[in-house]
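Breakdown of the fold
Residues per chain, in single letters:
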Amino acid sequence: MKRQFYCVLALLLCFTCLFGTVACNNTPDGNVEQPAGNEDGAGDQTPGEATPTGLWADARYLCDQELGQGEKTVTVKVFAEDQSISFTIHTDKKMLGEALLEHELIAGDEGPYGLYVKRVNGMLADYDVNQRYWSLSKNGEYLMTGMDMTPIADGERYEITYAK
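A short tour of the structure in this document, coming up. For clarity, every value in this text was computed on a predicted model and none was experimentally measured. (Residues numbered from 1 in each chain as written. Predicted model: local features only at pLDDT ≥ 70, side-chain atom pairs only at ≥ 80, totals over all residues. Heavy atoms only, no water.)

For the protein chain, the helix and strand inventory stands at 3 helices and 9 strands. Ordering the α and β elements of the protein chain from the N terminus gives α-β-β-β-α-β-β-β-α-β-β-β. (Helix = DSSP H or I, 4+ residues; strand = E, 2+ residues; numbered from the N terminus.)

Right under this line is the structure:
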């Protein structure tokens, strides 16, 4: 009886480890492996994790990601509500907006001042709809340029924050 209990326990631990390693699985070429039947990346979460609600219910990614290939590596941390996610992006692009658009991490409308970013990681912040917007900072210091007008260099760190 005791041996059977330990066998079942060991089996459960093996399944837990297996599901934990598969949750945020990247392919060798750096692209995110999508779950079957889910081509937009939604649902990239750890098994056993609660289904996201609120703003995060629309998020494309729910765990940290490493994306792309290129000479420069920049880190972008997205803060929304009480959660955050980090993106490590390898790129040859010159502007932050180009690197984020390349991986479909941002979306918005072109306006007289450049790209008005309304979606980050699939999450909506539209001042006309919900009186929210996405703010951009570098190493904690608010930037006065838009994402599409911000040049990037290797090793830089940016923060995008859901703000009111």
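What follows concerns a negative patch on the surface. Taken together, the side chains of Glu71, Asp92, Glu98, Glu102 and Asp154 make up a negatively charged region of the molecular surface. With respect to the secondary-structure elements, Asp154 resides in the loop between β8 (141–142) and β9 (157–163). (Patch = residues over 30% accessible without salt bridge, like charges linked within 9 Å, V, L, I, M, F, W, Y side chains within 5 Å. Areas by Shrake-Rupley, 256 points an atom, 1.4 Å probe, with all protein chains shown as cover. Salt bridge = Lys/Arg side-chain N within 4 Å of Asp/Glu carboxyl O. Lys, Arg positive; Asp, Glu negative; His and termini not counted. Charge placed at Lys NZ, Arg CZ, Asp CG, Glu CD.)

Overall, mixed pairing links the 6 strands, which are arranged β1-β3-β2-β9-β7-β8 in an open sheet. Two strands in the sheet have a free side with no partner beyond their single neighbour: β1 (65–67) and β8. Across 5 bridges, strand β2 (residues 72–80) lies against β9 in parallel orientation. Considered in β9, the bridge of Val78 is made with Ile160. (Pairing = 2+ DSSP bridges.)

This next bit is on the sheet that holds strand β6 (residues 123–124). Spatially, the 3 strands line up as an open sheet ordered β4-β5-β6, and their pairing is antiparallel. Each edge of the sheet is formed by a strand with only one pairing partner; in this case those strands are β4 (106–111) and β6. Where β4 meets strand β5 (residues 114–120), 6 bridges bridge the pair, whose relative direction is antiparallel. Residue Asp109 lies in a different strand from β5, and its bridge partner there is Tyr116.

What follows concerns the layout of surface pockets. By rolling a water-sized probe across the atoms, one finds the places where empty space is left. Estimates place the volume of the largest pocket at around 390 Å³. For the lining of the largest pocket, the secondary-structure elements that each account for two or more residues are β5 and β7 (133–138). Across the lining of the largest pocket, the residue classes tally to 11 nonpolar, 5 polar and 1 charged. (1 Å grid on protein atoms, 1.4 Å probe; cavity = no way out; pocket = protein on both sides within 12 Å on 5 of 7 lines; lining within 4 Å. Points joined across faces, edges and corners; volume = space filled by probe spheres on them. Nonpolar A, V, L, I, M, F, W, Y, C, P; charged D, E, K, R; others polar.)

Moving on to the side chain of His103. Along the chain, His103 turns up in the loop between α2 (96–102) and β4. Beyond its immediate stretch of four places on either side in the chain, His103 contacts Arg60, Leu67, Gly68, Ile89 and His90. (Contact = heavy atoms within 4.5 Å.)

The next subject is the side chain of Lys72. Looking at the secondary structure, you find Lys72 in strand β2. If sequence neighbours within four positions are ignored, Lys72 has contacts with Ile89, His90, Thr91, Asp92, Lys93, Lys94, Ile152, Ala153 and Asp154.

Attention now moves to the packing of aromatic side chains. Under the criterion given, the structure shown has 2 aromatic pairs. Arranged with centres 5.8 Å apart and planes meeting at 70°, the rings of Tyr61 and Phe87 form a pair that is edge-to-face. Of the two residues, Tyr61 sits in the loop between α1 (2–22) and β1 while Phe87 sits in strand β3 (residues 83–91), which places them 26 residues apart along the sequence. (Phe/Tyr/Trp six-rings, centres within 6.5 Å; stacked < 30°, edge-to-face > 60°.)

Most of β9 is tucked away, with 5 of its 7 residues classed as buried. Here 6 bridges tie β7 to β9, and the two strands are oriented antiparallel to one another. Bridged to Trp134 within β9 is Tyr162. (Buried < 20%, exposed > 50% of the residue type's maximum accessible area, 1.4 Å probe, protein only.)

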